[in-house]
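The residues making up each chain are set out below.
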Amino acid sequence: MPQGSVAEVKDALAGVGYLADEPAALVSFLAQKLGKPVLVEGPAGVGKTELAKALSRATGRELVRLQCYEGLDEAKAMYEWNYRKQLLRIQAGGAQGGWDHVQDDIFSSEFLLTRPLMQAISSPEPVVLLIDEIDKTDQEFEAMLLELLSDFQITIPELGRIEATTMPIVVLTSNDSRELTEALKRRCLYLWLDYPELEREMEIVRLHAPDLPETLARRLVEVIRMVRDLDLKKPPSIAESIDWARTLLLMGAEDIDRETFTQSMSIIVKHRTDIDLIAERVGVKLADPLRAEG
Amino acid sequence: MPTPYGPKADAGPPGLAAKLLGFCEELRGEGVAVGTSEMLDAFAALSEVDWTRREDFREALAATIAKSQDDRRVFELLFERYFFRTAEAEAVQRGVTEHAEGAPPAGDGERFDMSELSEAIREAMQAGDEDQMRDLARLAIAAFGRGEGSGVVGVDVQRIRRTLGLTAGQQPPAEDGSERPPIDRDQLTGFERHLRRELERDLIERTETLPPSRPLAELDRALPTSPTQDLAAVHRAVSQMKRRLATLGHEQRGRKKGQMVDVRRTMRASLETGGVPLRLRYRPKRPRRPEIYVLCDVSTSVTSASVFFLSVLHALHDSFRKLRSFVFIERISEVTDVFEHERDFAAVAQKISSEGGVADVSGYTDYGRVWLEFLEEISEDLDPRSTVIVLGDARTNGREPHAEVFARIAEKAGRLFWLNPEPKLYWNYGDSVMSAYERHCDGAFECWTTKHLENFVNVVAGAKPAAE
């Protein structure tokens, strides 16, 4: 899908249900044009993974996902040899062919198990590669990715270099829990996604919960922003705003007063201590139904 | 680079490429690592966007040059200054002024109603409307700025602000009696920035020269005011420490004892012997992440050192997962949570100093009491794998040092290190009881620069200690 400008990218993303802000649209546009990977950082739940999914829907490419965790290694991320098959091949084909024949045979692509990264590189169709939560891995894993990110190729000692025939769009997400290596950042375009402004969050909520009346949506977003300003262990994310909007619809609530809030509080905060804190701070502010909100 | 006493000697070679290179130079001067490959990416990115849209131009540059939130902050400030000044320099060169282009912004000569202007500015600040604030800033300068200006931009900004009656915080009610919303400090700073820019622009027009470019560090950055080194250097030293500490475990633990067979690697190896597993391969012992406990003295006797130590703590939290950190003066307070929630150093430093809870009546360190508390409350968690690092000067203000309690802590922990911000010469002078503690430590080092930190890392990792 040829996307000629930033505005087109933004519209395309909006068309599949992701409301991107200017920087996000611009970086997505640059990623496609320049063929560079994108590193998206930001607090949990602001739509980093969603951006990759939306890009795959908007461009019509398949999404290949690698979920990172501590202890992830090459065998699970890149490729692995199918040892069982190789052993069986040796034992089965012992009689026919000489030693050379067997040796060449067992290290061919037939015996190679491809994992997500390899799948993305060797795919005949262009894909979107999502490397999710890369800050959960360690520096050694990042070092392994460097060749892939800069040249889109993987080197297998026995087979040689596998180069990408189609340029994948690579998106790396990070929850900013640790500093990533310089070498990794150097190879990527950087995007910081933060909690959105009031107007945009309202648009997002209304997009995903269209039946919600506008006044209620505004109130909801204002309360969520109030909650985010508090010092919580886990501030509510955009996904939780949307969940709350849907909950309110189901509850048939018309306004967010203290009672509605206390009943549905656990949708947006997920820690016991946080619940106590917001019950005390925000619950009090909501008690007065006549108070005019700014 | 411009001298502090006058404008740049010449504008430099023309063209956008040269301007961008100059911008990157300035960024490097402020500590943002911009490499050649990033500049090439920036040029590539710029060739894809529309330069007349300032937003796109800025974002394209930022995506390729500023790769973290800290860098982005510096980038924003420098971008405003650099491209503003560049445009102004061009204008000055060509002799273009605003007045030549159309009606001056002062309007048609009506006297300005100050309260109206003030109200309009308040509204603009609340709404965060940058364009409106810029126009109102020009109006304000037209009304009060010209003719009475002192020529010093900072002073004039404050004077205009005061004349308009704008202060942060709660506001007195309006003339018609209605409540005014309180003004946020940040909003006010935003408006002051507009005032400053317009004043500078005015000054440039009048004098037809550029005021000297001051280094950013004096103006807007909020970094720890440590005279010795900056945060980045500390981070680097600590990440070295992490790698050394992580691999230390290998030599000390036996290779062959009690290891699990790694089936996958054994089968792989068996290919060499025709499918018969002649040689067993073992699962490599993952070096267990070291558990680190850091105790940091934050009393007044070590103030500038404690900023350094806090930045060390901050960097350590970034690198190590299982780290528990404590600050102490007379009592211990665990600050692990503060570091887990905040990655921004300034916010962390502020939080720790405000929520201390560690000082008692006198605010002077009492090491003896600190050890007692530590032993009682936290030392059960210590085991032979733990490393305890104490950052302090061992000046216990004449109180009981309780060296025997410290000895018991040293026994429980696997390793115990002391980092002292004073030179070795001062140890044991006055109320410093360093010798009482030193003998129980696995190592005591002087540490107030990153070089010392690196030295500490080297020694801990088992290399030969650097010659003094």
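Report on the accompanying structure.

**Side note on the pairing of strand 1 (residues 38-41) of chain A**
All names here are of chain A. Burial of strand 1 is two-sided: the residues Val38 and Val40 facing one way and the residues Leu39 and Glu41 facing the other way are all buried. As defined by bridge partners, strand 1 adjoins strand 8 (residues 169-174) across 4 bridges and the pair is classed as parallel. In the strand pairing of strand 8, Leu39 is matched with Leu172. Relative to strand 9 (residues 189-192), strand 1 runs parallel, the two sharing 4 bridges. From the neighbouring strand, Leu39 faces strand 9, where its bridge partner is Tyr190.

**Observations concerning the nonpolar core**
Residues A:Leu13, A:Leu191, B:Phe23, B:Leu27, B:Leu61, B:Phe75 and B:Phe83 are the most contacted members of the largest nonpolar core, which totals 52 residues. A per-element tally of this core places helix 2 (residues 22-34) of chain A first, with 7 residues. Ignoring any residue separated from it by four or fewer positions in sequence, one finds B:Phe75 in contact with B:Phe23, B:Leu27, B:Arg58, B:Leu61, B:Ala62 and B:Ala66. Grouped together as the second largest cluster of nonpolar side chains are 35 residues, A:Leu66, A:Cys68, A:Met78 and A:Ala120 included.

**A few points about the sheet that holds strand 1 (residues 291-297) of chain B**
Residue and element names in this part refer to chain B. Pairing is mixed in the open sheet, where 6 strands are placed in the order 3-2-1-4-5-6. Whereas interior strands pair on both sides, the edge strands pair on one side only; in this sheet they are strand 3 (332-334) and strand 6 (443-446). Put simply, the sheet's adjacent strands are angled 20° from each other on average, direction ignored. The sheet contact formed by strand 1 and strand 2 (residues 323-328) spans 6 bridges and is parallel. Counterpart to Tyr293 in the pairing with strand 2 is Arg324. Against the sheet, helix 15 (residues 367-377) touches strand 1, strand 2, strand 3, strand 4 (386-391) and strand 5 (415-420), its axis set at about 150° to strand 1.

**Here's the deal with the packing of aromatic side chains**
Between two aromatic rings, the relevant description is the distance of the centres plus the angle of the planes. Residue and element names in this part refer to chain B. Tallied over the entire structure, the rule returns 19 aromatic pairs over all chains. Residues Phe75 and Phe79 carry aromatic rings whose centres are separated by 5.7 Å and whose planes lie at 25° to one another, so their mutual orientation is stacked. Taken together, the residues Phe75 and Phe79, both in helix 4 (residues 69-94) and 4 residues apart, mark about one turn of the helix. Grouping residues by exposure puts Phe75 and Phe79 together as buried. The interplanar angle of 70° and the centroid separation of 5.9 Å between the aromatic rings of Trp371 and Trp418 together place this pair among those described as edge-to-face. Of this pair, Trp371 sits in helix 15 while Trp418 sits in strand 5, and the two are 47 residues apart along the sequence. Residue classification places Trp371 among the buried positions, given a relative accessible area of 1%. Ring pairs connect the aromatic residues Phe328, Tyr367, Trp371, Phe406, Trp418 and Tyr437, which therefore count as one cluster.

**Side note on the sheet that holds strand 2 (residues 62-67) of chain A**
Residue and element names in this part refer to chain A. Read from one edge to the other, the open sheet built from 5 strands follows the order 2-5-8-1-9, with strand pairing classed as parallel. Across the chains shown, the open sheet's two edge strands, defined by having one partner strand only, are strand 2 and strand 9. Across the sheet, the axes of successive neighbouring strands diverge by a mean angle of 20°, strand direction being ignored. For strand 5 (residues 127-132) and strand 8, the ladder comprises 4 bridges, and the chain directions are parallel. Paired with Leu129 across the two strands is Val170, which belongs to strand 8.

**Remarks on the interface of chain B and chain A**
The interface is formed by 33 residues belonging to chain B together with 39 residues belonging to chain A. Of the roughly 3200 Å² buried where chain B meets chain A, counting both sides, 54% is carbon and sulfur surface. The interface formed by chain B and chain A includes 3 salt bridges. Across the salt bridge formed by B:Arg264 and A:Glu80, the nearest N and O atoms sit 2.8 Å from each other. Summed over the shared surface of chain B and chain A, the result is 7 residue pairs in polar contact (both at pLDDT 80 or more). Contributing elements (two or more residues each) for the side of chain B that touches chain A: helix 2 (36-46), helix 3 (54-65) and helix 11 (263-270) of chain B. Considering each element in turn, the side of chain B that touches chain A owes the most residues, 6 residues, to helix 3 of chain B.

**A word on the pattern of salt bridges**
All names here are of chain B. As enumerated under the stated definition, the model contains 28 salt bridges over all chains in all. For the salt bridge of Arg58 with Glu76, the shortest nitrogen-to-oxygen distance reads 4.0 Å. Taken together, the residues span a long stretch of sequence, with Arg58 in helix 3 and Glu76 in helix 4 at a distance of 18 residues. Given a relative accessible area of 25%, Glu76 falls into the partly exposed group. Connected through salt bridges with shared partners, the residues Glu55, Arg58, Glu59, Arg72 and Glu76 form a single ionic network.

**Focus: the side chain of A:Asp274**
On the secondary structure map, A:Asp274 appears in helix 14 (residues 272-286). Here A:Lys234 takes part through its backbone nitrogen, which lies 3.2 Å from a polar atom of the side chain of A:Asp274.

**Things to note about the environment of A:Gly160**
Note that A:Gly160 resides in strand 7 (residues 160-163). In this view, A:Gly160 contacts A:Ile154 and A:Thr155; residues no more than four positions away in its chain are not counted.

Calculation notes
- Residues numbered from 1 in each chain as written.
- Chains lettered and ligands numbered in written order.
- Predicted model: local features only at pLDDT ≥ 70, side-chain atom pairs only at ≥ 80, totals over all residues.
- Heavy atoms only, no water.
- Buried < 20%, exposed > 50% of the residue type's maximum accessible area, 1.4 Å probe, protein only.
- Helix = DSSP H or I, 4+ residues; strand = E, 2+ residues; numbered from the N terminus.
- Pairing = 2+ DSSP bridges.
- Core = buried A, V, L, I, M, F, W, Y, C linked by side-chain atoms within 4.5 Å.
- Contact = heavy atoms within 4.5 Å.
- Axes fitted to C-alpha atoms, helices over the stretch in contact; angles between N-to-C directions.
- Phe/Tyr/Trp six-rings, centres within 6.5 Å; stacked < 30°, edge-to-face > 60°.
- Buried area = accessible area lost by both parts, 1.4 Å probe.
- Salt bridge = Lys/Arg side-chain N within 4 Å of Asp/Glu carboxyl O.
- Polar contact = N/O pair within 3.5 Å; in protein donor to acceptor, adjacent residues only side chain to side chain.

Honestly, that's just the spatial picture; any functional story needs more than this.
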